[in-house]
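# Structural overview
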Amino acid sequence: MTEFVRVGALAEIPEGELRAYDVPSGRVVVTHDERRLFALSETCTGHGCALADGTFDDRSDRLLCAACESVFDAETGEPLEGPARDPLAVFTAREVDGWVEISAEPVG
Ligand code: FES
C-alpha cells in the first residue's frame, strides 16, 4: 500500500504556484491547477537547479525550469523541451481535508 506524507496545507499553494517539500525519498515540488495536484522531484534534470524557482503553466500543465528553460510535462515528468533529456520522478499527490499529501516514494 502506498505510504503518504502530509507536507502542508493546500491553502499555502496558490493555484499555479510552486512549493517545495521534503519527503523520505527526496525533495519534491508541488503545484496544482483547478483540477488536480502535481508532485515531481524538485531537482531539474537539466543542470540540477531547483524547480521551485520555475513557473507552472496551469493551462497546459507544463513546468518551466527558470535556469535554462527546460519544459516538463507535470503529469508524466517527461521533458518536452531541453536541455533536460531525462524525466523528473513523479509522485502521487492528493488533498485530504485541506492538507496536501505526497507519496513517500515516486510512482513506478
Ligand atoms: S537546470 Fe533546469 S533547464 Fe537547466
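Scroll up to find the structure.
One structure accompanies this document, and this report is about it. (Residues numbered from 1 in each chain as written. Predicted model: local features only at pLDDT ≥ 70, side-chain atom pairs only at ≥ 80, totals over all residues. Heavy atoms only, no water.)

## Examining the overall build of the chain
When its secondary structure is counted, the chain shows zero helices and eleven strands. When the elements of the chain are put in sequence order from the N terminus, they spell out β-β-β-β-β-β-β-β-β-β-β. The C-alpha radius of gyration of the chain comes to 13 Å, within 12% of the 13 Å expected for a compact globule of 108 residues. A total of 108 residues make up the chain; the buried ones form 42% of that total. Sequence separation of at least 24 residues holds for 40% of the intrachain contacts in the chain that already meet a minimum separation of 6. Counting every atom, the chain has about 5900 Å² of accessible surface; 46% of that belongs to carbon and sulfur. Taken as two groups, the 9 positive and 22 negative side-chain charges of the chain have centres that lie 1 Å from each other. (Helix = DSSP H or I, 4+ residues; strand = E, 2+ residues; numbered from the N terminus. Rg over C-alpha atoms; globule rule 2.2 N^0.38 Å. Buried < 20%, exposed > 50% of the residue type's maximum accessible area, 1.4 Å probe, protein only. Contact = heavy atoms within 4.5 Å. Areas by Shrake-Rupley, 256 points an atom, 1.4 Å probe, with all protein chains shown as cover. Lys, Arg positive; Asp, Glu negative; His and termini not counted. Charge placed at Lys NZ, Arg CZ, Asp CG, Glu CD.)

## A closer look at the sheet that holds strand S4 (residues 37-41)
Strands sit in the order S2-S3-S4-S9 across an open sheet of four strands; the sheet is antiparallel. Both outer strands of the open sheet, strand S2 (19-23) and strand S9 (90-91), are each paired with one neighbouring strand and no more. As judged from the five bridges shared by strand S3 (residues 26-32) and S4, these two strands associate in the antiparallel manner. Its bridge partner lying in S4, His 32 is registered against Leu 37. (Pairing = 2+ DSSP bridges.)

## Examining the sheet that holds strand S6 (residues 62-64)
A sheet is described by the order of its strands in space; here four strands give the open sequence S5-S6-S7-S8, paired in antiparallel fashion. Edge strands, defined here as strands with exactly one partner in the open sheet, are strand S5 (55-57) and strand S8 (79-81). Neighbour to neighbour, the strand axes of the sheet diverge by 30° on average, direction disregarded. Bridge analysis of S6 against strand S7 (residues 71-73) gives three bridges, and the strand direction is antiparallel. Counterpart to Arg 62 in the pairing with S7 is Asp 73. (Axes fitted to C-alpha atoms, helices over the stretch in contact; angles between N-to-C directions.)

## So, the side chain of Glu 101
As for its position among the elements, Glu 101 is in strand S11 (residues 99-103). With relative accessibility at 8%, the residue Glu 101 sits in the buried group. Among the polar contacts made by the side chain of Glu 101, one reaches the side chain of Arg 6 at a distance of 3.0 Å. Of note is the side chain of Glu 101, whose polar atom sits 2.8 Å from the side chain of Arg 94. Filtering out sequence-adjacent residues up to four positions away, Glu 101 remains in contact with Phe 4, Val 5, Arg 6, Thr 92, Ala 93, Arg 94 and Val 96. (Polar contact = N/O pair within 3.5 Å; in protein donor to acceptor, adjacent residues only side chain to side chain.)

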